[in-house]
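Chain and residue survey
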Amino acid sequence: MNKQIISAIARKDLKATFSSKKVWVPMIILPLLLCIIFPAVFSYFGLHTGIMIADGAKDLEKPINAFIESFPNSDMRDTLVALPTLGLKSVYYFLNFMMIPFFLIVAIINSMVTSSNSFAGEKERNTLETLLFAPISVAELFVGKVIASLIPSVVITFAAFVLNAVIVNIIAYPYFKEVLFINANWLILMFWVIPTLVLFNIVLNVLVSARVKSFQEAQQFGGLMVLPVVGIIVSQASGFFFLSPLVLLLIGAGFLIGNAFLLKLITKFNQRNALFESQIH
């Protein structure tokens, strides 16, 4: 494959992504609300105003303490038990465990938006025919579009993580006396699970986008990836299942294997006529 051709395709798609408000605006707003503003507000009110330990919350203290005592991670359990108030316990648990699915959702949706716009977006912009008749291979076309989707998705997710870590630690450090988000769970999530998940979702959605005829139709298929994350949120909140470092390593390994399979499929994909017919007719 020609690296210059792939680079040119990726640059063209990146320019198209950030020239379309329906693509880049949701990519900025979602992480801003879900990964920066919401945890900052939750932390501030939970720690500074005592809203978590109001009289009505006292009824919840006994079941929450029972939940903490049955927590599988002994270090986290000891830390939570040592915290003096229900508000501190709630905020600490939320920031260390419940925030993880939020970043998974952001990574999935942002990568879905960019990758769904790959071939379907070309058709809506009336540029796909020219691209398909250009002297490039279908594999180069696919790889260029995968790279163009991968870069903004990963960069925005990591930027949201850094901003969230800075803002939340400014709010919470005086209470917990430790720097949050710098532990095995979060480091494995950001440097192993997120990149493999984003790549898997992008490759899958690029393949889907090549077979559907509109941006909205491609997004409908891509939205199915969010459902497992909803299950993780419910499991984390109920205590049924926890994302430990080992579990995160296994999840990332699963996505890595899936990526190897899908990328191999892309490199062998050379059905230009089939791609043309699926998009033009």
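Residues numbered from 1 in each chain as written. Predicted model: local features only at pLDDT ≥ 70, side-chain atom pairs only at ≥ 80, totals over all residues. Heavy atoms only, no water.

1. Some remarks on the overall build of the chain
The test is simple: Each helix is a run of DSSP H or I of at least 4 residues and each strand a run of E of at least 2, with the numbering of both proceeding from the N terminus. Two residues qualify as a contact provided that any one of their heavy atoms is within 4.5 Å of a heavy atom in the partner residue. Per-residue accessibility takes into account occlusion by the displayed protein chains alone, with areas from the Shrake-Rupley method and a 1.4 Å probe.
Helix and strand counts for the chain stand at 13 helices and 0 strands. Secondary structure of the chain in N-to-C order comes out as α-α-α-α-α-α-α-α-α-α-α-α-α. The long-range fraction of contacts in the chain, counting pairs at least 24 apart against all pairs at least 6 apart in sequence, stands at 83%. Total accessible area on the chain is roughly 13600 Å²; 69% of this is exposed by carbon and sulfur atoms.

2. Focus on helix α8 (residues 138-176)
Note the threshold: A helix is expected to span 1.5 Å for every residue after the first. The angle between axes fitted to the seven-residue stretch ending at a residue and the seven-residue stretch beginning at it gives the bend at that residue.
Taking 1.5 Å per residue, 39 residues should reach 57 Å; α8 reaches 53 Å between its end C-alpha atoms and fits that length. The largest bend along α8 reaches roughly 45 degrees and is located at I170, with the proline P174 sitting one to four residues downstream. Downstream of α8 by one or two residues, K177 has phi in the positive range, about 60 degrees.

3. Some points on the confidence of the model for the chain
The test is simple: Scored between 0 and 100, pLDDT is the confidence that the predictor attaches to each residue.
The predicted model of the chain has a mean per-residue pLDDT of 79, with 74% of residues at 70 or higher. When pLDDT is averaged over each helix and strand of the chain, the minimum, 53, is found for helix α13 (residues 272-280) and the maximum, 91, for α8.

4. Points about the side chain of N110
With respect to the element layout, N110 can be found in helix α5 (residues 86-116). Those residues within four positions of N110 in sequence are excluded, and the remaining contacts are P26, M27, P31, S153 and I156.

5. Some words on unusual backbone geometry
Positive phi outside glycine occurs at K177, with the angle close to 60 degrees. With respect to the helices and strands, the residue K177 is situated in the loop between α8 and α9 (184-209). Notably, F181 is not glycine yet its phi reads approximately 75 degrees, a positive angle. Among the secondary structure elements, F181 is positioned in the loop between α8 and α9.

6. Digging into a nonpolar patch on the surface
Threshold: Any residue with relative accessible area above 30% and no salt bridge may belong to a patch, with like charges joined within 9 Å and the nonpolar Val, Leu, Ile, Met, Phe, Trp and Tyr side chains within 5 Å. What counts as a salt bridge is simple: a side-chain nitrogen of Lys or Arg found within 4 Å of a carboxyl oxygen of Asp or Glu.
Taken together, the side chains of I29, L32, L33, I37, V41, Y44 and F45 present a nonpolar region at the surface, about 600 Å² in accessible area. For L33, the position within the fold is in helix α2 (residues 21-49).

7. Focus: the packing of α2 against α5
Geometry of a packed helix pair, given as the angle between the helix axes and the separation of the axes. Heads up, the condition is: An axis is simply a line fitted to the C-alpha atoms; with a helix, the fit covers only the stretch in contact. Between two such axes, the angle follows the N-to-C directions and lies from 0 to 180 degrees. Between 65 and 115 degrees an angle is taken as roughly perpendicular, under 35 as roughly parallel, over 145 as roughly antiparallel, and anywhere else as oblique. Polar here means any residue other than Ala, Val, Leu, Ile, Met, Phe, Trp, Tyr, Cys and Pro, which are nonpolar, and Asp, Glu, Lys and Arg, which are charged; Gly is therefore polar.
Where α2 meets α5, the closest approach of the two axes is 10 Å, and the angle between their N-to-C directions is 180 degrees. With respect to their mutual orientation, α2 and α5 come out roughly antiparallel. Residues that form the contact of α2 with α5 fall into these classes: 22 nonpolar, 6 polar and no charged.

8. Re the environment of L83
Put simply, the test is: Burial classes: relative accessible area under 20% of the type maximum marks a residue as buried, over 50% as exposed, and values in between as partly exposed (1.4 Å probe, protein chains only).
Relative to the helices and strands, L83 resides in the loop between α4 (74-82) and α5. With a relative accessible area of 11%, L83 lands in the buried category. Along the primary structure L83 and F176 are separated by 93 residues, whereas in three dimensions their C-alpha atoms are 8.4 Å apart. Apart from the residues within four sequence positions on either side, L83 is in contact with L88, K89, Y92 and F176.

9. A closer look at the nonpolar core
Put simply, the test is: Put simply, buried Ala, Val, Leu, Ile, Met, Phe, Trp, Tyr and Cys residues joined by side-chain atoms within 4.5 Å make one nonpolar core.
With 61 residues, the main nonpolar core has F103, L104, F176 and L189 as its most contacted residues. At the level of elements, α2, α4, α5, α8, α9, α11 (226-238) and α12 (245-267) are the ones that each hand at least two residues to this core. Looking at this core, the element that brings in the most residues is α5, giving 17 residues. Look past the residues within four positions of F176 in its chain and what remains in contact with it is L47, L83, L88, V91 and Y92.

10. What to know about the side chain of N96
Mapped onto the secondary structure, N96 falls in helix α5. Overall, the relative accessible area of 5% leaves N96 in the buried class. What N96 contacts, discounting residues up to four positions off in sequence, is M76, L180, N183 and W186.

11. Comments concerning the packing of aromatic side chains
Rules: In this analysis, rings of Phe, Tyr and Trp, with Trp reduced to its six-membered ring, are considered paired at centre separations within 6.5 Å, and the interplanar angle assigns stacked below 30 degrees, edge-to-face beyond 60, and tilted for intermediate values.
What the rule picks out here adds up to 15 aromatic pairs. Summarising the aromatic geometry, the rings of F38 and F102 are spaced 6.0 Å apart at their centres and angled 50 degrees between planes, so their arrangement reads as tilted. With a gap of 64 residues between them, F38 in helix α2 and F102 in helix α5 connect regions that are remote in the sequence. A relative accessible area of 36% means that F38 is categorised as partly exposed.

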